[in-house]
Amino acid sequence: MKPLVKTAVESALVALLVAGACLWFLISANESESANPGTIVMLALGLAAGLIAHWTYMGLALKRDGRAWMSWMPAVVLLFPIATVVALVLMSAQAEESRAA
């Protein structure tokens, strides 16, 4: 995989990890009866920022890999985890093929 593509993919996965952590803490905060509204708002903003960063870095990775990112991005946003996994698998397979050739 090209170094610029690899950097964008790693950043997208870190952003996804941040969004997942915020979601986890948001669900945990909503279960407790004494949930602080400020905490819930900050976790929701963290979740939104993590998702937006993930989508942005995935678009950057797709563009740097030479794929038609304008056709991929609606799929990445609407079919969130599935399209991300498919795009990463295709980019990885292409990198393996170019390395083997």
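Coordinates for the structure precede this section.
Below you will find a few notes about this structure. (Residues numbered from 1 in each chain as written. Predicted model: local features only at pLDDT ≥ 70, side-chain atom pairs only at ≥ 80, totals over all residues. Heavy atoms only, no water.)

**A few points about a nonpolar patch on the surface**
Item 1. A cluster of nonpolar residues, Val 77, Leu 78, Leu 79, Ile 82, Val 86 and Leu 90, forms a patch on the protein surface that exposes about 560 Å² of accessible area.
Item 2. In terms of residue count, the dominant contributor to the nonpolar patch is helix α4 (residues 80–100) (three residues).
Item 3. Mapped onto the elements, Val 77 comes out in helix α3 (residues 69–78). (Patch = residues over 30% accessible without salt bridge, like charges linked within 9 Å, V, L, I, M, F, W, Y side chains within 5 Å. Areas by Shrake-Rupley, 256 points an atom, 1.4 Å probe, with all protein chains shown as cover. Salt bridge = Lys/Arg side-chain N within 4 Å of Asp/Glu carboxyl O. Helix = DSSP H or I, 4+ residues; strand = E, 2+ residues; numbered from the N terminus.)

**Section: the packing of aromatic side chains**
Item 1. Counted by the stated rule, this structure contains one aromatic pair.
Item 2. For the ring pair Trp 55 and Phe 80, a centre distance of 6.4 Å and an interplane angle of 85 degrees mean the geometry is edge-to-face. Here Phe 80 lies in helix α4 and Trp 55 lies in helix α2 (residues 37–64), a separation of 25 residues in the sequence.
Item 3. By relative accessible area, which is 24% here, Phe 80 ends up partly exposed. (Phe/Tyr/Trp six-rings, centres within 6.5 Å; stacked < 30°, edge-to-face > 60°. Buried < 20%, exposed > 50% of the residue type's maximum accessible area, 1.4 Å probe, protein only.)

**Re α3**
Item 1. Listed in full, the buried residues belonging to α3 are Trp 72, Met 73 and Val 76. Viewed end-on, α3 has its buried residues packed into an arc of 105 degrees, placing them on one side of the element. Facing away from the buried side of α3, by more than 90 degrees, are the exposed residues Met 70, Ser 71 and Leu 78. (Arc of directions from axis to C-beta.)

**Some thoughts on the environment of Thr 39**
Item 1. Tracing the backbone through its elements, the reader meets Thr 39 in helix α2.
Item 2. A residue is classified by how much of its surface remains accessible, and Thr 39, at 36% relative accessible area, is partly exposed.
Item 3. On a C-alpha basis, the gap between Thr 39 and Leu 62 in space is 34 Å, while along the polypeptide they are 23 residues apart.

**Regarding the pattern of salt bridges**
Item 1. Using the criterion set out here, one finds two salt bridges in the structure.
Item 2. In this structure, the salt-bridge partner of Arg 67 is Asp 65, at a minimum N-O distance of 3.1 Å.
Item 3. Across the pair Glu 96 and Arg 99 runs a salt bridge, and its minimum N-O distance is 3.2 Å. Of this pair, Glu 96 and Arg 99 are both found in helix α4, three residues apart, which corresponds to roughly one turn of the helix.
Item 4. Overall, the relative accessible area of 56% leaves Arg 99 in the exposed class.

**With respect to the nonpolar core**
Item 1. By size, the foremost hydrophobic cluster in this structure holds 14 residues, and its most contacted members are Val 9, Met 58, Leu 62, Val 76, Ala 87 and Met 91.
Item 2. Where this core is concerned, the elements lending two or more residues are α1 (3–31), α2, α3 and α4.
Item 3. When sequence neighbours within four positions are dropped, the list of residues in contact with Met 58 reads Ala 12, Met 73, Val 76, Thr 84, Ala 87, Leu 88 and Met 91.
Item 4. Counting residues in each nonpolar core, the second largest holds six residues, with Ala 19, Cys 22, Leu 26 and Leu 47 among its members. (Core = buried A, V, L, I, M, F, W, Y, C linked by side-chain atoms within 4.5 Å. Contact = heavy atoms within 4.5 Å.)

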